[in-house]
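Observations on the three-dimensional arrangement
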Amino acid sequence: MMSTATANLINAYYDRFEDKINQPMRTDMLNVVGLKNMKRILISIYISIIILSTLFGNFLFFIFTLIAVIDSIFYSAPPLRFKKNMITGMIAFSGVMAIPFIAGWVINKPLWQLSPLFYLITYFFFTYFSIKNIPDLLGDKKANIQTIMTKSVDYKKGIYTSFLILFTPYIALLILILSNVLSGIYFIMYIFIPFLFYLLIENLHYEKNLSRLERLHAYGFIYAVTFLNVILFLSTFLIEAIIWIIFSYSYIIFFMNIKKVDSRHEKTQGRGKHE
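Within any chain, residue numbers begin from 1 and follow the written order of that chain's sequence. Whole-chain, interface and lining totals are the exception, using all residues; otherwise, since this is a predicted model, local features are given only for residues with pLDDT of at least 70 and side-chain atom pairs are given and counted only at 80 or more. Neither water nor hydrogens contribute to the side-chain values; these are computed over all heavy atoms in the structure.

This part covers the overall build of the protein. Strands here mean DSSP runs of E at least two residues long; helices mean DSSP runs of H or I at least four residues long; both are numbered from the N terminus. The helix and strand tally for the protein stands at 13 helices and zero strands. Taken from N to C terminus, the helices and strands of the protein fall in the order α-α-α-α-α-α-α-α-α-α-α-α-α. What the globule rule says is 2.2 Å times the number of residues to the power 0.38, and the radius of gyration is computed from C-alpha atoms. For 275 residues, the compact-globule estimate of 2.2 N^0.38 gives 19 Å, and the C-alpha radius of gyration of the protein, at 19 Å, lies within 12% of that figure. Over its C-alpha atoms, taken along the principal directions, the protein stretches across nearly 55 × 50 × 35 Å. Relative to its 275 residues, the protein shows a buried fraction of 48%. The accessible surface values rely on the Shrake-Rupley method and a 1.4 Å probe; as for residues, cover is taken only from the protein chains in view. When the accessible surface of the protein is summed, it comes to about 14900 Å², and 70% of that surface belongs to carbon and sulfur atoms. Three labels apply to residues, based on accessible area from a 1.4 Å probe with only protein chains included: buried if under 20% of the type maximum, exposed if over 50%, partly exposed otherwise in between.

In structure tokens, the structure reads:
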């Protein structure tokens, strides 16, 4: 959790230029905290992560934690700034999920016995990257950040390409089930397909409404959390898993006001306030 948190914080720190356009509210919050204070917070958390990782007494866990830290830093930070290139951005973004998964796995089991679910959720996160930047098109263009949207000839082509990629994990899931790598119980994951069509149609319809696109991005985030939580529930019926699922949705309910998501302020978006 600390690794993911710092990935988001350092991303906010280094995305100040494009966030003035994409998410002004995030820039405002960063200014309130102060850049020097944010540096201190990031350094403190990263040092804490490294120290805590040594307490598990597992060298491989420490190594993968270190890799996770490096990945979270250089996803946003120069000189590497992986996110500036579409492919390296997708790889580094999926690493936020994949590397901590591996780190946790090697505590109890050999690396070569990785669950096939690892490959499914890593690929899912890889493809989820395709829609997370839809509302950030304007700022990303000015910052010369390559995404599917900025590289597409027009908005609709970018949306269709993004969602085509987003649907592919369900092909991978079907292959894993039909080859008996995963149990047929995972067919339940296909209940998400209608919701993806809903997101596709809405993103096409609200091309000019940035506040609505940002809200759809929040819905996409909830979709990603739910996809992972359902896999967690189906793969293990431990009480710890149930507690984690309850915690994740409690966070969304109490700390994310989905109905009023708009870092640009809806009243400045014309139709945004009424639609």
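Here helix α13 (residues 239-255) spans 24 Å end to end across 17 residues, near enough to the 24 Å set by a 1.5 Å rise per residue. Along α13, the residues that are buried comprise Ala-241, Ile-245, Ser-248 and Ile-252. Along the axis of α13, the buried residues cluster in a sector spanning 65 degrees; they form a single face. Turned more than 90 degrees away from the buried face of α13 sit Ile-239, Glu-240, Ile-243, Ile-246, Ile-253, Phe-254 and Phe-255, all of them exposed. If you follow the buried residues of α13, they end up packed against α12 (210-235). To estimate how far a helix should extend, the number of its residues minus one is multiplied by 1.5 Å. Note that the arc is defined by the directions from the helix axis to the C-beta atoms. Contacts were defined at the residue level, with two residues in contact if any of their heavy atoms lie within 4.5 Å.

Only residues whose relative accessible area exceeds 30% and that form no salt bridge enter a patch; like-charged residues are grouped when within 9 Å of one another, and nonpolar side chains (Val, Leu, Ile, Met, Phe, Trp, Tyr) when within 5 Å. Any carboxyl oxygen of Asp or Glu that lies within 4 Å of a side-chain nitrogen of Lys or Arg is treated as forming a salt bridge with it. In this tally, Asp and Glu contribute negative charge and Lys and Arg positive charge; neither His nor the terminal groups of the chain are included. To locate a charge, take NZ of a lysine, CZ of an arginine, CG of an aspartate or CD of a glutamate. A surface patch of like charges, here positive, comprises Arg-16, Lys-20, Lys-36, Lys-39 and Arg-40. Sorting the residues of the positive patch by element identifies α2 (16-22) and α4 (35-54) as the ones contributing at least two each. With three residues, the top contributor of residues to the positive patch is α4. Within the secondary structure, Lys-36 sits in helix α4.

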